[in-house]
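Structure at a glance
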Amino acid sequence: MLEQLLPFLTASILLTLAPGPDIIYVLVRSIAYGAKQGIVTALGLVSGIIVHTTLVAFGVSAVIKQSENLFLIIKIFGAVYLLYLAWQVYKSDAKIAFSAEGVANKKLGSLYRQGFIMNVLNPKVGIFFLAFFPGFLWSSELDTVWQFYILGLVFMFQALLIFIFVSLLADKISVYIKSHPKSGHFLKWMQVVVFVLIALLIFI
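Residues numbered from 1 in each chain as written. Predicted model: local features only at pLDDT ≥ 70, side-chain atom pairs only at ≥ 80, totals over all residues. Heavy atoms only, no water.

Remarks on the overall build of the protein chain
What counts, and what does not: Put simply, DSSP marks the helices as runs of H or I at least four residues long and the strands as runs of E at least two long, and each gets a number from the N terminus on. Both definitions apply: the radius of gyration is a C-alpha atom measure, and the globule rule equals 2.2 Å times residues to the power 0.38. For each residue, the accessible area found with a 1.4 Å probe, counting protein chains only, is set against the maximum for its type, and the residue is called buried under 20%, exposed over 50%, and partly exposed in between. Contacts are assigned to residue pairs with any non-hydrogen atoms lying within 4.5 Å of each other. Shrake-Rupley sampling with a 1.4 Å probe provides the accessible areas, and residues are treated as covered by the protein chains on show and by no other component. When charges are counted, neither His nor the chain ends are considered; positive counts come from Lys and Arg and negative counts from Asp and Glu. In this description, the location of a charge corresponds to atom NZ of lysine, CZ of arginine, CG of aspartate or CD of glutamate.
The helix and strand inventory of the protein chain stands at nine helices and zero strands. Secondary structure elements of the protein chain occur, N-terminal to C-terminal, as α-α-α-α-α-α-α-α-α. The C-alpha radius of gyration of the protein chain comes to 17 Å, within 12% of the 17 Å expected for a compact globule of 204 residues. When the backbone C-alpha atoms are referred to their principal axes, the protein chain occupies close to 50 × 35 × 25 Å. Counting all 204 residues of the protein chain, 46% fall into the buried class. Intrachain contacts of the protein chain at a sequence separation of at least 6 include 85% that bridge at least 24 residues. Surface summary for the protein chain: the accessible area is close to 11,200 Å², and the carbon and sulfur share equals 70%. Charge separation in the protein chain, taken as the distance between the mean sites of 14 positive and 8 negative side-chain charges, equals 13 Å.

Spelled out as structure tokens, the structure:
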């Protein structure tokens with residue numbers, strides 16, 4: 001179990017640290033209105049992961065019960081999709097652009113709902129989980145649904161901790177990124193390497 005969870009946790013942390021839309025939104029919200037708003041937004045975003053985990057858990061588990069060949073097709077799809085994401089990041093601009101302009105102040109309840117809805121209604125999150133999670137199942141005997149939920153909880157926990165860290169240090173992080181233009185290039189290549197490595201790990 002640990003042989004799979006540790007690589008999964010490492011990959012999850014690296015992916016969460018990469019400058020995706022969620023972490024940048026938490027950063028911008030924290031810069032504009034303080035750490036509390038960033039943390040509440042993060043709670044909403046992370047809560048949405050439960051929905052995607054549930055869909056993937058029951059969907060893929062049903063496929064596994066029907067045919068191992070279908071499960072292999074899912075894993076191949078996952079590897080191809082992750083390589084596609086690596087290619088998209090490779091082609092993208094390495095510059096990290098964020099601005100607090102136009103970010104409206106909201107009540108905490110509204111922020112939580114917004115973060116939750118943003119995550120749940122983003123089809124890319126579901127597709128990514130479908131590509132990412134199946135490669136880290138560790139037992140053919142333990143119920144696959146529970147394995148998916150464990151992976152989902154691990155991903156949620158590390159993402160929430162990182163988002164909280166970003167919220168609390170938002171001002172310092174933004175100053176560092178602005179004063180170190182090459183940090184964007186580092187994070188870009190980190191994303192590319194992580195996507196490629198996960199694509200390879202799926203079949204190891």
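That was the structure; now back to the text.
Remarks on the packing of helix α2 (residues 21-33) against helix α5 (residues 108-120)
Here is the rule we go by: Simply put, an axis is a line fit to the C-alpha atoms, just over the touching stretch for a helix, and the angle between two N-to-C directions goes from 0 to 180 degrees. For this classification, under 35 degrees means roughly parallel, over 145 means roughly antiparallel, 65 to 115 means roughly perpendicular, and everything else is oblique. Here is the rule for handedness: rotate from the far helix to the near one, and if that takes an anticlockwise turn smaller than a right angle the crossing is left-handed, while a clockwise turn gives right-handed. Residue polarity follows a fixed list, in which Ala, Val, Leu, Ile, Met, Phe, Trp, Tyr, Cys and Pro are nonpolar, Asp, Glu, Lys and Arg are charged, and the others, Gly among them, are polar.
Contact geometry for α2 and α5: axes closest at 12 Å, N-to-C directions at 165°. With respect to their mutual orientation, α2 and α5 come out roughly antiparallel. The way α2 lies across α5 gives a crossing that is right-handed. Residues Asp22, Tyr25 and Arg29 of α2 form the contact with α5, whose own contacting residues are Leu111, Gln114, Met118 and Asn119. Here the contact of α2 with α5 is built from residues that sort into three nonpolar, two polar and two charged.

Regarding the nonpolar core
Short version of the rule: Throughout this description, the term nonpolar core refers to a set of buried Ala, Val, Leu, Ile, Met, Phe, Trp, Tyr and Cys residues connected via side-chain atoms within 4.5 Å.
Among the nonpolar cores identified, the biggest contains 53 residues, and Leu82, Phe128 and Phe132 are the most heavily contacted of them. Of all the secondary-structure elements, those providing two or more residues to this core are α1 (2-17), α2, α3 (35-66), α4 (68-91), α6 (123-132), α7 (144-168) and α9 (182-201). With nine residues, the single largest contributor to this core is α7. Contact partners of Leu82, with chain neighbours within four places excluded, come to Phe128, Ala131, Phe195, Ile198, Ala199 and Ile202.

Side note on the packing of α3 against α6
Running from amino to carboxyl end, α3 crosses α6 at an angle of 45°, the nearest separation of the two axes being 9 Å. In terms of their interaxial angle, α3 and α6 are classed as oblique. In the crossing of α3 with α6, the sense of the turn from one axis to the other is right-handed. Residues Ile49, His52, Thr53, Val56 and Val60 of α3 form the contact with α6, whose own contacting residues are Val125, Gly126, Phe129 and Leu130. By residue class, the composition of the contact of α3 with α6 is six nonpolar, three polar and no charged.

Topic: the packing of aromatic side chains
What counts is decided by this rule: Pairing of aromatic rings covers Phe, Tyr and the six-membered ring of Trp, with a centre-to-centre limit of 6.5 Å; geometry is then stacked below 30 degrees between planes, edge-to-face above 60, and tilted otherwise.
A complete count under the given rule lists 18 aromatic pairs for this structure. Aromatic side chains Phe8 and Phe133 sit 5.3 Å apart centroid to centroid with 75° between the ring planes, which places their arrangement in the edge-to-face category. With Phe8 in helix α1 and Phe133 in the loop between α6 and α7, this residue pair connects regions lying 125 residues apart in the sequence. Note on Phe8: relative accessible area 0%, which makes it buried.

Details of the side chain of His52
Structurally, His52 can be placed in helix α3. Leaving out residues up to four positions away in the same chain, His52 has contacts with Asn119, Val120, Asn122, Val125, Gly126 and Phe129.

Let's talk about α9
Selection criterion: Between the first and last residue of a helix there are one fewer steps than residues, each counted as 1.5 Å, and that sum is the expected span.
Spanning 20 residues, α9 covers 29 Å between terminal C-alpha atoms, matching the ideal 28 Å at 1.5 Å per step. Within α9, burial applies to Ser183, Gly184, Leu187, Lys188, Met190, Gln191, Val192, Val194, Phe195, Ile198 and Ala199. Residues of α9 that are buried sit in contact with α1, α4, α6 and α8 (170-179).

With respect to the confidence of the model for the protein chain
Defined as follows: Confidence of the predictor in every single residue is expressed as pLDDT, which spans 0 to 100.
With 95% of its residues at a pLDDT of 70 or more, the protein chain shows a mean pLDDT of 85. When the elements of the protein chain are averaged for pLDDT, α8 gives the smallest value, 80, and α7 the largest, 95.

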